[in-house]
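# Coordinates in review
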Amino acid sequence: MPVPPQPDIPAHVAIIMDGNGRWAKQRGLPRVAGHRRGVEAVRTATYAARDLGVKILTLYAFSVENWQRPKTEVGALMGLLELYLKKELATFVRDGVRLRTIGRTNELPAGVQKRLHATIEETKDFTGYTLVLALNYGSRTETVDAAQAYAAALAAGKEKPNDRSWATFSRYLSTTCLPDPDLVIRTSGETRVSNFLLLQAAYAEFVFTPVLWPDFTKADLAAALTEYARRERRFGLTSEQVRHPVGVRTP
Ligand code: IPE
Ligand code: IPE
Ligand code: MG
């Protein structure tokens, strides 16, 4: 197996943005105030990642499980999302940020979908930097959707039954055409994955930080990248193999 290159800067960083509610509670504010500040942190992180050399930033913004929250909170989150997309479109176009989504976006409110489609369409040709929003996303639903689509393709003769490769199956995931995340960060001190990129993060590095999402700064992201650079990714190999790949002469 070829040893993947290990640059110090992760090409793809994915963040589980957590702690908006606690940030608000600490200040005696309603939860939605935390979400509002969370949107500011999204803006900061979007440009911080790009400035630090990251090529793709995936942000977990709303999970399939989050629909179970109080109706007023879900409504506020959808409202904030629509407003965010409305405000950001011009900025994304100006700054060359390509927007993509993962998740069952067809189940989002019509207004949000409209904004998403417009922004994705207007930014689709940018190649330098990509922001991926995980919206109504869950790894399990994504896997079910992929399995269904793959089964249909097999039945239609578009895929070969004897091709049991990950490379083929993974094209049916919503992350198709995106490389796997190299680094997954979760804020707010929780150390769980909460149904996020379970398959794609198979060999990702994880960094957990106690910082609540609304407080997350460029310095916090830089610290996570520094931690990442200290790690040795082995992909199932031995440390010696990683350091001295077979067939590659070391100086
Ligand atoms: C993350 O913050 C935002 C979403 C999940 C939409 P939370 O709202 O989960 O904040 P906590 O975990 O209650 O503090
Ligand atoms: C994960 O956060 C989902 C998002 C960040 C969108 P949650 O706050 O929903 O996760 P749990 O419930 O604590 O696992
Ligand atoms: Mg939470």
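Residues numbered from 1 in each chain as written. Chains lettered and ligands numbered in written order. Predicted model: local features only at pLDDT ≥ 70, side-chain atom pairs only at ≥ 80, totals over all residues. Heavy atoms only, no water.

### Here we look at the nonpolar core
The cut-off we apply is this: Buried Ala, Val, Leu, Ile, Met, Phe, Trp, Tyr and Cys residues that are joined via side-chain atoms within 4.5 Å together make up what is termed a nonpolar core. Only protein chains enter the accessibility calculation, which uses a 1.4 Å probe; a residue is then buried when its area is under 20% of its type maximum, exposed when over 50%, and partly exposed in between. Elements are defined by DSSP. Helices are runs of H or I of four residues or more, strands are runs of E of two residues or more, and each kind is numbered from the N terminus. In this analysis, two residues are considered to be in contact whenever any of their non-hydrogen atoms come within 4.5 Å of each other.
Within the largest apolar cluster, 41 residues are counted, with the highest numbers of intra-cluster contacts made by Ile-15, Leu-57, Tyr-84, Leu-131 and Ile-185. The biggest single contributor to this core is helix 3 (residues 71–95), with 8 residues. If we skip the residues at most four places from it in the chain, Ile-185 touches Val-13, Ala-14, Ile-15, Ile-16, Val-207, Thr-209, Phe-216, Leu-221 and Ala-224. One finds Ile-16, Ile-102, Val-132 and Ala-201 within the second-largest nonpolar core, a separate group that totals 14 residues.

### Side note on the site of ligand 2
Our working rule: Neighbouring residues are identified by heavy atoms, a residue being near a molecule or strand if any of them is within 4 Å of it. Polar contact is defined as a pair of N or O atoms within 3.5 Å, subject to the rule that within protein one atom must be able to donate a hydrogen and the other to accept it, and that residues adjacent in sequence are counted only when both atoms are side-chain atoms. Values of accessible area rely on a 1.4 Å probe in the Shrake-Rupley scheme; residue burial ignores everything except the protein chains shown.
Within the structure, ligand 2 sits among Ile-16, Met-17, Asp-18, Tyr-60, Ala-61, Phe-62, Ser-63, Asn-66, Arg-69, Arg-186, Arg-192 and Ser-194. In the model, an oxygen atom of ligand 2 is placed 2.9 Å from a nitrogen or oxygen of the Asn-66 side chain. Side-chain polar atom of Ser-194 to an oxygen atom of ligand 2: 2.6 Å apart, as the coordinates give it. Here ligand 2, which alone exposes 390 Å², has 78% of that area covered by the protein.

### Focus: the sheet that holds strand 4 (residues 129–137)
Which entries qualify depends on this criterion: Pairing between strands requires that DSSP locate at least two bridges from one strand to the other. Between N-to-C directions, angles cover 0 to 180 degrees, with each direction set by a line fitted to C-alpha atoms, over the stretch in contact for helices.
The 6 strands lie next to each other as 3-4-2-1-5-6, forming an open sheet whose pairing is parallel. Each edge of the sheet is formed by a strand with only one pairing partner; in this case those strands are strand 3 (97–102) and strand 6 (205–208). Looking at each pair of strands side by side, their axes are set apart by 20° on average, direction ignored. Bridging between strand 3 and strand 4 involves 6 bridges; their strand directions are parallel. The residue of strand 4 that forms the bridge with Leu-99 is Leu-131. Of the strands in this sheet, strand 3 and strand 4 touch helix 4 (residues 110–123), which is tilted by about 135° from strand 3.

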